[in-house]
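# Descriptive analysis of the structure
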Amino acid sequence: MMVRMKFMKTGPVKFIGHLDIMRFFQKAVRRAGLDVEYSQGFNPHQVMSFASPLGVGLTSEGEYLDVSFNSLPEKSVAIKTLNDAMNEFIQVTDMVELNSGAKNAMASVAAADYLVSVKDGYEFLTINEFQEKFNRFLLQENITILKKSKKSEKETDIKPFIYAYAFTDREFFGADNRKKSVAEEYDNGVKIYLRLSSGSVNNLKPELVTEAFCEYAGIPFNEYAFQMHRFELYTQTEDGRYIPLSEVGNEA
């Protein structure tokens, strides 16, 4: 059975890279003694894939991986067994069983929610100044940046890939959907919630939005001034709605 797990990554492990997170889960599943499926061949490995790599330094409560098991105990037992084999900063929070033929997590991702906060000691604008400038930043007809990859760089208009933004969780999630978050908090209160395009086709990182905003506002960009937190990863339904990756499966 293919199971989709949701997990959070917080605290000091935010500085652990994606490849080490993959190895961490492989060892945790083995330590937990779960009946995981291995690939065939001379170099068998656990059948496991992650949704979307999280950048170093970012925290998250909405990470996903798909793991194939030969068998699995009841959901709450499986989650506890696995979490007992991990540390307090990486914990599985949910799991669902995927239907046969379901797209894997990586191929399913279409959007992501983020919180971008200015760290204390790095304040360059008051809350009102930040919100006023960010509103004007997004009113531009185009927001063109130089997007770089390992092999090339090209000018890209990122505005179509910024799906939504808000300055409070009530505005962003709605009064009925507010939830207690594990995101790091700062006294200065300068922050913004973003829903951005994500996935293999049009992937927009919050770092690029922040850098483009700083350039627009005439502020020197300091990557260490911002803390970024991912809330959720979404897939898009046939009728255009965005739903969390965990809502495409059945109770494990």
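Residues numbered from 1 in each chain as written. Predicted model: local features only at pLDDT ≥ 70, side-chain atom pairs only at ≥ 80, totals over all residues. Heavy atoms only, no water.

## Digging into the overall build of the chain
Scanning the chain from N- to C-terminus turns up six helices and twelve strands. For 252 residues, the compact-globule formula gives about 18 Å, and the C-alpha radius of gyration of the chain, at 19 Å, lands near that figure. Here the chain holds 252 residues, and 46% of them are scored as buried. For the chain, restricting intrachain contacts to residue pairs at least 6 apart in sequence, the fraction spanning at least 24 positions comes to 76%. Put simply, the chain shows about 13600 Å² of open surface, and 49% of that area lies on carbon and sulfur atoms. A gap of 4 Å separates the mean positions of the 29 positive and 35 negative side-chain charges of the chain. (Helix = DSSP H or I, 4+ residues; strand = E, 2+ residues; numbered from the N terminus. Rg over C-alpha atoms; globule rule 2.2 N^0.38 Å. Buried < 20%, exposed > 50% of the residue type's maximum accessible area, 1.4 Å probe, protein only. Contact = heavy atoms within 4.5 Å. Areas by Shrake-Rupley, 256 points an atom, 1.4 Å probe, with all protein chains shown as cover. Lys, Arg positive; Asp, Glu negative; His and termini not counted. Charge placed at Lys NZ, Arg CZ, Asp CG, Glu CD.)

## Describing the pattern of salt bridges
Where charged atoms of side chains with opposite charge meet at close range, the side chains can pair. Inspection of the entire model under this criterion finds ten salt bridges. Salt-bridge contacts for R4 lead to D66; the nearest nitrogen and oxygen are separated by 2.8 Å. One end of the pair, R4, is in strand 1 (residues 2-9); the other, D66, is in strand 3 (residues 59-68), with 62 residues separating them in the sequence. Here D66 falls in the buried class, since its relative accessible area comes to 2%. Among the salt bridges present, the one from E132 reaches R136, with a minimum N-O distance of 3.3 Å. Here E132 pairs with R136, and both are found in helix 4 (residues 127-138), just four residues apart, close to one helical turn. (Salt bridge = Lys/Arg side-chain N within 4 Å of Asp/Glu carboxyl O.)

## Some points on the environment of K9
Of note, K9 is situated in strand 1. For K9, a relative accessible area of 3% puts it in the buried group. When the C-alpha atoms of K9 and Q91 are compared, they prove to be 7.2 Å apart, with 82 residues separating the residues in sequence. Those residues in contact with K9 that lie beyond four places of it in its chain are K14, I16, I21, L54, T59, S60 and F89.

## Some remarks on the nonpolar core
Core analysis: the largest hydrophobic core is formed by 37 residues, its most contacted members being F130, F134, F137, V209 and F213. Breaking this core down by element, the ones donating at least two residues are strand 5 (111-118), helix 4, strand 9 (191-197), helix 6 (206-217) and strand 10 (226-236). Ranked by the residues each element gives to this core, the list is headed by helix 6, at five residues. When residues of this core are sorted by domain, at least three fall in each of domain 1 (2-107) and domain 2 (109-247). In contact with F134, other than residues within four places in its own chain, are Y165, F167, I192, L194, V209 and F213. Grouped together as the second largest cluster of nonpolar side chains are 26 residues, V3, A28, L65 and L82 included. (Core = buried A, V, L, I, M, F, W, Y, C linked by side-chain atoms within 4.5 Å. Domains from an automatic or database assignment.)

## Quick notes on the side chain of T235
Residue position: T235 is located in strand 10. Here the side chain of T235 touches S108 through a polar contact of 2.8 Å, landing on its backbone oxygen. Not counting the four nearest positions on each side in its chain, T235 is found in contact with S108, A110, R241, Y242, I243, L245 and V248. (Polar contact = N/O pair within 3.5 Å; in protein donor to acceptor, adjacent residues only side chain to side chain.)

## Side note on the domain arrangement of the chain
In terms of domains, the chain is made up of domain 1 (2-107) and domain 2 (109-247). On a C-alpha basis, the centres of domain 1 and domain 2 stand 26 Å from each other. On the side of domain 2, 21 residues touch domain 1, which itself brings 22 residues to the contact. The interface formed by domain 1 and domain 2 includes three salt bridges. We note a salt bridge from E232 to K6, for which the minimum N-O separation is 2.7 Å. Those elements giving two or more residues to the side of domain 1 that touches domain 2 turn out to be strand 1, strand 3, strand 4 (90-97) and helix 3 (105-108). In terms of residue count, the dominant contributor to the side of domain 1 that touches domain 2 is strand 3 (six residues). Here the residues of the side of domain 1 that touches domain 2 sort into ten nonpolar, six polar and six charged. (Nonpolar A, V, L, I, M, F, W, Y, C, P; charged D, E, K, R; others polar.)

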